[in-house]
Amino acid sequence: MSGKEDDDSSLVERFKTGDEAALEELIELHNEGLFRFIYWHLQDAHEASDVLSQTFYRAYSKRHRYRVRSDAKFQTWLYAIAANLCRDHLRKRKRRPGDFAAVLQESNLENDGRLALEAAPDEEASLSEEIARLHQAISTLPPPLRDALILFALEGHSQAETAKKLGCTVRAVESRVRRAKRFLALKMTKES
């Protein structure tokens, strides 16, 4: 176990007893990455902030349910709570086409399958429609594929980091990302 995981484990043990200082430290450790993960799902900073708060509230209120095991890290549990809250949130509202375009401005797939978030200013207008279509296609992916794609291809986490956050193997991440990219390529080709 690495030093960070040891630190996280001791924080989690304190957190489980209701130690609010431990909760604050865990929020500090996981806040930024978790916010980005939620944001990619919702595409709205205000809603992402709300869901982030709900995630930590739910984790704190259900802390007695978390069991420290070698195969179930706190981070995985936290991301599962966030993913479930995102799904619930998305069910309650209709997706607005073009939100993704407004957020990202421009985008294209690079050779390694990661999404580049920058383009030349003269390409901005022509990419906006394609980005909206891409966002719509991503939103139709099954949750395991969408979560892996968001963490790996959009957020830039390594496969190992993505696997840890999702509580699966690196091979599962590889497979999910590959399947997601095939699905997106097929969907985008059909719609053009």
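How each quantity is defined
Residues numbered from 1 in each chain as written. Predicted model: local features only at pLDDT ≥ 70, side-chain atom pairs only at ≥ 80, totals over all residues. Heavy atoms only, no water. Helix = DSSP H or I, 4+ residues; strand = E, 2+ residues; numbered from the N terminus. Buried < 20%, exposed > 50% of the residue type's maximum accessible area, 1.4 Å probe, protein only. Contact = heavy atoms within 4.5 Å. Areas by Shrake-Rupley, 256 points an atom, 1.4 Å probe, with all protein chains shown as cover. Core = buried A, V, L, I, M, F, W, Y, C linked by side-chain atoms within 4.5 Å. Patch = residues over 30% accessible without salt bridge, like charges linked within 9 Å, V, L, I, M, F, W, Y side chains within 5 Å. Salt bridge = Lys/Arg side-chain N within 4 Å of Asp/Glu carboxyl O. Lys, Arg positive; Asp, Glu negative; His and termini not counted. Charge placed at Lys NZ, Arg CZ, Asp CG, Glu CD. Phe/Tyr/Trp six-rings, centres within 6.5 Å; stacked < 30°, edge-to-face > 60°. Axes fitted to C-alpha atoms, helices over the stretch in contact; angles between N-to-C directions. Left-handed = near helix turned anticlockwise from the far one by under 90°. Nonpolar A, V, L, I, M, F, W, Y, C, P; charged D, E, K, R; others polar.

Draft legend 1. Highlighting the overall build of the chain. Looking only at helices and strands, the chain features nine helices and two strands. Ordered by position from the N terminus, the helices and strands of the chain form the series α-α-α-α-α-β-β-α-α-α-α. The 192 residues of the chain split such that 42% are buried. Long-range pairs, those at least 24 residues apart, make up 62% of the contacts in the chain with a sequence separation of at least 6. Total accessible area on the chain is roughly 10,600 Å²; 50% of this is exposed by carbon and sulfur atoms.

Draft legend 2. Structural detail: the nonpolar core. In terms of nonpolar packing, the biggest core is built from 48 residues, with F15, L34, F37, I38 and F74 touching the most fellow members. Each residue touching F15, except ones within four places of it in the same chain, is listed here: A22, L23, L26, A59, Y60, R63, F74 and W77.

Draft legend 3. Spatial organisation of a positive patch on the surface. Residues R171, R178, R179, K181 and R182 make up a contiguous surface patch of positive charge. Relative to the elements of secondary structure, R178 occurs in helix 9 (residues 170-191). The exposure class of R178 is partly exposed, given its relative accessible area of 45%.

Draft legend 4. Representation of the packing of aromatic side chains in the model. Summed over the entire model, instances satisfying the criterion amount to seven aromatic pairs. A centroid spacing of 5.7 Å and a plane angle of 90° characterise the contact between Y66 and F74, whose relative ring orientation is edge-to-face. Of the residues examined, F74 reaches a relative accessible area of 4% and is grouped as buried. Residues F74 and W77 carry aromatic rings whose centres are separated by 5.8 Å and whose planes lie at 50° to one another, so their mutual orientation is tilted.

Draft legend 5. Layout of the pattern of salt bridges. Enumeration according to the criterion identifies six salt bridges in this entry. The shortest N-O distance in the salt bridge between E155 and R36 comes to 2.7 Å. Residue E155 is found in the loop between helix 7 (143-154) and helix 8 (159-166), and its partner R36 is found in helix 2 (residues 20-42); the two are separated by 119 residues along the sequence. Since its relative accessible area comes to 14%, E155 is described here as buried. Where D88 meets R91, a salt bridge forms, and the shortest distance between an N and an O atom there is 2.7 Å.

Draft legend 6. Highlighting the packing of helix 4 (residues 74-92) against helix 7. Packing of helix 4 against helix 7 brings their axes to within 12 Å, and their N-to-C directions diverge by 115°. With respect to the hand of their crossing, helix 4 and helix 7 are arranged in right-handed fashion. In contact with Y79, A83 and R87 of helix 4, helix 7 contributes P143, R146, D147 and L151. The class makeup of the residues in the contact of helix 4 with helix 7 is four nonpolar, no polar and three charged.

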